[in-house]
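# Working through the structure, step by step
Listed here are the chains, written in short residue letters.
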Amino acid sequence: MKRERSFFTTISVLFVCTVLILSCEKEKLTSLTPDNLTECPTCETHFRESSRLEALRVVDGKNIVFQYKKYWSANHTDGTPYTGLFFEIPKGQTFFNFNKNTITSEKVVHITMCPYCNTIPLKPIGGKLKGEQIDSKRWLVEAAVALAGPDGRILDTLSFKHYFTRD
């Protein structure tokens, strides 16, 4: 009887450990494929190395900053309004998969560049944001980031799947 109980306890511990190890495995980014890319003729997508985010500005630093800009007009010049998402990863990474804590941190910022539009500032509050380096000049990035107003209500979702090129 004592031997059976010991055997059962050993098997139970092994089973629980196996389940815990398998459930903690990180999502593979092999699911990030170049199919279903977002068509957006008014969008700009690029990344800048040796940079960092400082509030809504990109400044010199040690990381990589990605900039997604969706212009409000097909004929964009230096003053054309746009909506954007800027995000930062440590240099040397070849993939990233942001969780809610990272999306809501200072590493991800939403920007509306329109000085005369009187828009409501939106903050990223969740969703998905992941990317994989294709080669030294391109990243494939997929996002569906929920944006909330000052009262915390979700007002918009910024979704895209694009190649980002070196700036």
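Above this text sits the structure in question.
Cut-off values and rules
Residues numbered from 1 in each chain as written. Predicted model: local features only at pLDDT ≥ 70, side-chain atom pairs only at ≥ 80, totals over all residues. Heavy atoms only, no water. Core = buried A, V, L, I, M, F, W, Y, C linked by side-chain atoms within 4.5 Å. Buried < 20%, exposed > 50% of the residue type's maximum accessible area, 1.4 Å probe, protein only. Helix = DSSP H or I, 4+ residues; strand = E, 2+ residues; numbered from the N terminus. Contact = heavy atoms within 4.5 Å. Polar contact = N/O pair within 3.5 Å; in protein donor to acceptor, adjacent residues only side chain to side chain.

## Observations concerning the nonpolar core
By size, the foremost hydrophobic cluster in this structure holds 23 residues, and its most contacted members are Phe 66, Phe 87, Phe 96, Leu 129, Trp 139, Val 141 and Phe 164. Those elements that provide at least two residues to this core are strand 1 (43–54), strand 3 (63–71), strand 4 (82–90), strand 5 (95–98), strand 8 (138–148) and strand 9 (154–166). Considering every element that reaches this core, the biggest residue donor is strand 8, with 5 residues. Ignoring sequence-local partners within four residues, the contact set of Phe 164 consists of Thr 45, His 46, Phe 47, Phe 66, Gln 67, Tyr 68, Phe 87, Lys 137, Arg 138, Trp 139 and Val 141. Ranked by size, the runner-up nonpolar core spans 8 residues in total, among them Val 65, Tyr 71, Phe 86 and Val 109.

## Comments concerning the side chain of Gln 67
Within the element layout of this structure, Gln 67 appears in strand 3. Judged by relative accessible area, which is 5%, Gln 67 ranks as buried. Of note is the side chain of Gln 67, whose polar atom sits 2.6 Å from the side chain of His 46.

## Here's the deal with the environment of Phe 160
The topology assignment puts Phe 160 in strand 9. Taking relative accessible area as the criterion, Phe 160 reaches 2% and is therefore assigned buried. Residues Phe 160 and Leu 129, spaced 31 residues apart in sequence, show a C-alpha to C-alpha distance of 9.6 Å.

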